[in-house]
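Close look at the chain arrangement
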Amino acid sequence: MAEDFAKAVEDGLKLAKRVYLGKDSRTVARRMAPPLMERSTNWYLPSAPMVYAVISDPRMVDNPDMPSYQPYVHGMYDPPALIPLQMMGVNLNVDCYVDTAIIGVSGVEVDLPTKSYVTQLIGEQESKGIGKIARPEDGGFLTPHIFTLTIPQIDGGTNISIKLRWSQKLSYNAGQFSLTVPFCFPEYVTPAIKKISKKEKIELNVNSSVANGILCKAASHPLKEIRRHEGKFSFLYEAEIFKWSNTDFRFSYSVSSGNIFGGILLQSLYDYDQRDMFCIYLFPGSEKNRKVFKKEVVFVVDISESMQGRPLESTKSAISAALSKLSPEDSFNIIAFSNEAFQFSTSMELASKDAIERASAWISTKYTVGGSTNLFIPLEKAADMLSNTRDSIPMIFLVTDGSVKDERNICHWMQKRLTNQGVLSPSIHTFGIGSFCNHYFLRMLAMIGRGEYDAAFDLDSIEVQMNKLFSKGLSTVLTNITIDAFDDREEIEVYSSRIPDLSLESPLTIYGRYQGSFPDNLKVTGILGDLSSFTMDLKIQRAKDIPLDSVLARRQIDLLTAQAWFSENKRFEEEVAKLSIQTCNISEYTRMTLLEKNKMLKTLKHFGAWKKKGDPHIVVESELPEMILLQRLSVGFGDLIATAENIRPGSQEPELPEVAKIFIKTTSNYFGGICNRCCCMGCIRCCSKMNNQCATTLTQLCTALACIGCLHCCSQSCCPNQDD
């Protein structure tokens, strides 16, 4: 779909030369031509929020002043051409809380003179009553990080106001938080008419009430500090510019504390749950010499045929890099699996230089193997190898791109085994590649094993994301974390069944709901890297200026969905649906719709008011907006058929007959397919590493952007007034 998009933009840039802009038209024509050396597919993909006019018939932009144009020669565009619309203004608002940046919450709003459009999430049952369903090309994912949405019809010459909202996690390393927001606009969205005012504005607010000693490090744009008060500071950049920003917005700040520190935030909520929210946060501090655990590590790697090519090569590189980070006192092993398991060594090997070289050579020679995927056998072998660990922390890293039928049984088995193993039971870190694996199974397995989960939905990000996961796990500084008040209080619900370990590479957040009064004193305990005991009292404070419900929404939805899948509990599904609708974050149990509201001009008499002077009319929205049901945007619960057929990540799975889908769902708890990632022919960049995937999703996910389909564009130019 990215190639189709590139062709559509290239056609649109050529067609845009015919848009009449007075004496500046020639300037536009020269600027529209992309550099010859940069005409790759990625060059045309949006690197910031973008808006395009969707043109299927080139005669819509016929220009009689250019006699060389012959519409009958060109015919209809297939796919439709995309003309990038010129941007008159852009405002970016960023609010940072704890480890999350709120650039908004997932959603899209488009405001026009006669109509307005807004996305809205509804429940599965409610969605069944909607008669108008959008085509796949009218809304979905062009790539895992680019969401597209087509607005049905906008007249040429219309000024368009767009608001985009999303959230994303901040990066963390050695006591420093970093944020990157897509903000690099191509030259061809700069208005060619020089008299048009072009204003660029960035507002950044950081609420540092969770930590003291905040120090701003760097920024990509010339921010000016305008306010600083009691752990909060604000920055502003505002300017009249000649052309739009050509670099992403980047900002970083450090939390100056050498020791582990943390606290508790409480927030009173008035929502469907009728319980208040708490968030316990732990920061590893910036002490680089902090003792990390001696480790015994087993890498469990999928080498089924679907991993052929970049997935397996990226995995090999990431494992080799991880092995090089082990100290000589650590030990390791590697298990490669498809329908059977292959071990690097019959026992754990000390991480000597020779052993690491032999392991790197061994994994480099491994090629994909056909047949089915059997996950239980390699996990059992890995757990057996780590069953007698002493004076070190055992770890399992699982990498896969597929689904298996016995995933719930694997979770139950691992849960029972880790419970019986005692204090130093293995931590399990999981990594999913592509859309065919069950990411909720992998998330649940990591939760059971006190580990981290991460994923890569596109081939380009596999090695980078996997390196991050390995680095987090290998830099564990605090394990077996317990909170004393959680054990015997039924009125406190913790969303995570087991508290994850604390890593130097990432702060830790534990959250949930409580009823009544929260304990006055809370104590956190754990085991440090030198195997000594750790105890710390946590300070409680009210989160007056921190919207915990928005900050934690994506993570709550992902964890509760994993628990709903694992337990097959309808109560969890209903809770996810309510939380999804309330916070505007997509989920497996809700559907996204596009609401079209017509604006009507009415006199003030209709509202019991009248003005003798001024305009006696007011614009109001129609009472019954039209609702259009979009395609599914969630990631689904894995794909057994694609796994069995060894379909590679990124490939489009053939659509199954409805009867086959019902049969598969009934016999193997398969919940029906992958997220539909088809593109409409107009798009904006989606920032969502919700997920931590979308977000990260969707993961991380979470995120939504918009595009405009200008189906009846005349020869005038369309200019978006972009808000965020």
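Residues numbered from 1 in each chain as written. Predicted model: local features only at pLDDT ≥ 70, side-chain atom pairs only at ≥ 80, totals over all residues. Heavy atoms only, no water.

An unreviewed UniProt entry annotates the protein as Inter-alpha-trypsin inhibitor heavy chain H6 isoform X4 originating from Gossypium hirsutum.

1. Focus on the packing of aromatic side chains
Operational definition: Aromatic pairing here means that ring centres of Phe, Tyr or Trp (its six-membered ring) are within 6.5 Å. Orientation follows from the plane angle: under 30 degrees is stacked, over 60 is edge-to-face, and everything else is tilted. Helix numbers and strand numbers start at the N terminus; a helix is a DSSP run of H or I with at least 4 residues, a strand a run of E with at least 2. Residue burial is assigned from relative accessible area. The probe radius is 1.4 Å, only protein chains are included, and a residue is buried under 20% of its type maximum, exposed over 50%, and partly exposed in between. Note on geometry: a ring has a charge over it if NZ (lysine) or CZ (arginine) is within 6 Å of the ring centre and within 35 degrees of the ring normal.
If you walk through the whole model with that rule in mind, you get 26 aromatic pairs. Relative to Phe 283, the ring of Phe 261 has its centre 5.0 Å away and its plane inclined at 5°; by these criteria the two rings are stacked. Of the two residues, Phe 261 is situated in strand β16 (residues 261-267) and Phe 283 in strand β17 (residues 276-283); the sequence distance between them amounts to 22 residues. Side by side, Phe 261 and Phe 283 carry an identical accessibility label, which is buried. Positioned above the aromatic ring of Phe 233, the side-chain terminus of Arg 228 is 4.9 Å from the ring centre. Between the NZ or CZ atom of Lys 316 and the centre of the ring of Tyr 367, over which it lies, the distance is 5.3 Å.

2. Some thoughts on the sheet that holds strand β10 (residues 176-181)
Our working rule: Two strands are said to pair when DSSP picks up at least two bridges between them. Helix axes use the C-alpha atoms of the stretch in contact, all axes being lines fitted to C-alpha atoms, and the angles between their N-to-C directions lie in the range 0 to 180 degrees.
The sheet built from four strands is open, its strands ordered β9-β10-β15-β12 with antiparallel pairing. Where the open sheet ends on each side, the last strands, each with one partner, are β9 (171-173) and β12 (214-219). Strand-to-strand, the axes of this sheet are offset by a mean angle of 20°, without reference to chain direction. Inspection of the sheet shows β12 paired to strand β15 (residues 249-255) by five bridges, in the antiparallel sense. Residue pairing for β15: Ala 218 is matched across the bridge by Ser 252.

3. Here's the deal with the sheet that holds strand β30 (residues 533-542)
As summarised here, the arrangement of the eight strands in space is β26-β28-β17-β16-β30-β29-β25-β27, forming an open sheet in which the pairing is mixed. A single partner strand is all that each edge strand has here, and the edge strands are β26 (492-494) and β27 (502-503). The sheet contact formed by β26 and strand β28 (residues 508-514) spans three bridges and is antiparallel. Bridge assignment links Val 494 to a residue of β28, and that residue is Gly 512.

4. With respect to helix α8 (residues 376-385)
What counts, and what does not: Arc, as used here, means the arc of the directions from the helix axis to the C-beta atoms. Contact definition: two residues touch when any of their heavy atoms are within 4.5 Å.
Those residues of α8 that sit buried are Pro 378, Leu 379, Ala 382, Ala 383 and Met 385. Buried positions in α8, seen along its axis, are confined to an arc of 160° and lie on one side of it. Buried residues in α8 make contact with β18 (295-302), β19 (331-337), β20 (341-343), β22 (393-400), α9 (407-421) and α10 (439-448).

5. Focus: the nonpolar core
Quick reminder of the rule: Within this scheme, the nonpolar core is defined by two criteria: the residues are buried Ala, Val, Leu, Ile, Met, Phe, Trp, Tyr or Cys, and they are joined through side-chain atoms within 4.5 Å.
Within the largest apolar cluster, 134 residues are counted, with the highest numbers of intra-cluster contacts made by Val 94, Cys 96, Leu 204, Phe 249, Phe 251 and Leu 445. For this core, the element with the highest residue contribution is α10, accounting for eight residues. When residues no more than four places from it in sequence are discounted, the contact partners of Cys 96 are Ala 101, Leu 170, Leu 179, Leu 204, Asn 205, Val 206, Asn 207 and Tyr 253.

6. Remarks on the packing of α10 against helix α13 (residues 553-567)
In plain terms, the rule: We call two directions roughly parallel when the angle between them is under 35 degrees, roughly antiparallel when it is over 145, roughly perpendicular when it lies between 65 and 115, and oblique otherwise. Ten residues, namely Ala, Val, Leu, Ile, Met, Phe, Trp, Tyr, Cys and Pro, are considered nonpolar, four, namely Asp, Glu, Lys and Arg, are considered charged, and the remaining ones, Gly among them, are considered polar.
Between α10 and α13, whose axes approach to 9 Å, the crossing angle comes to 95°. Classified by the angle their axes make, α10 and α13 are roughly perpendicular. Residues Tyr 440, Phe 441, Arg 443, Met 444 and Met 447 of α10 touch α13, and the partners they reach there are Asp 558, Leu 559, Thr 561, Ala 562, Gln 563, Trp 565 and Phe 566. Classifying every residue of the contact of α10 with α13 by side-chain character gives eight nonpolar, two polar and two charged.

7. Points about helix α7 (residues 353-364)
For the record, the criterion: Here a helix's expected span is defined as the number of its residues, less one, multiplied by 1.5 Å.
Here α7 spans 17 Å end to end across twelve residues, near enough to the 16 Å set by a 1.5 Å rise per residue. Of all the residues in α7, the buried ones are Ala 355, Ile 356, Ala 359, Trp 362 and Ile 363. In a view along the axis of α7, the buried residues occupy a sector of 125°, so they form one face of it. Where α7 is buried, its residues touch α6 (310-324), β19, β20 and β21 (349-350).

8. Notes on the pairing of strand β6 (residues 139-143)
Of all five residues making up β6, five are buried, and the element is well covered by its neighbours. Sheet analysis places β6 next to strand β7 (residues 146-149), joined by four bridges and oriented antiparallel. Opposite Thr 143, over in β7, you have Ile 146 as the bridge partner. Linking β6 to β7, which pair antiparallel, is a turn of two residues.

9. Details of unusual backbone geometry
A negative phi angle characterises most non-glycine residues, just as the trans form characterises most peptide bonds. With an omega of 0°, the peptide bond running from Asp 78 to Pro 79 counts as cis. In this structure, Pro 79 sits in the loop between α4 (71-74) and β2 (81-84). Backbone geometry at Asp 391 places phi at a positive 60°, although glycine is not the residue there. A relative accessible area of 52% means that Asp 391 is categorised as exposed. Located in the positive-phi region is Asn 646, a residue other than glycine, with phi close to 55°. On the secondary structure map, Asn 646 appears in the loop between α15 (640-644) and α16 (658-668).

10. Remarks on the pairing of strand β25 (residues 476-483)
Within β25, seven of the eight residues are buried, which leaves it mostly tucked inside the rest of the structure. Across two bridges, the pairing between β25 and β27 is antiparallel. Within β27, the position partnered with Leu 478 by the bridge is Leu 502. Here four bridges tie β25 to strand β29 (residues 522-528), and the two strands are oriented antiparallel to one another. Its bridge partner being in β29, Leu 478 is matched across the sheet by Leu 528.

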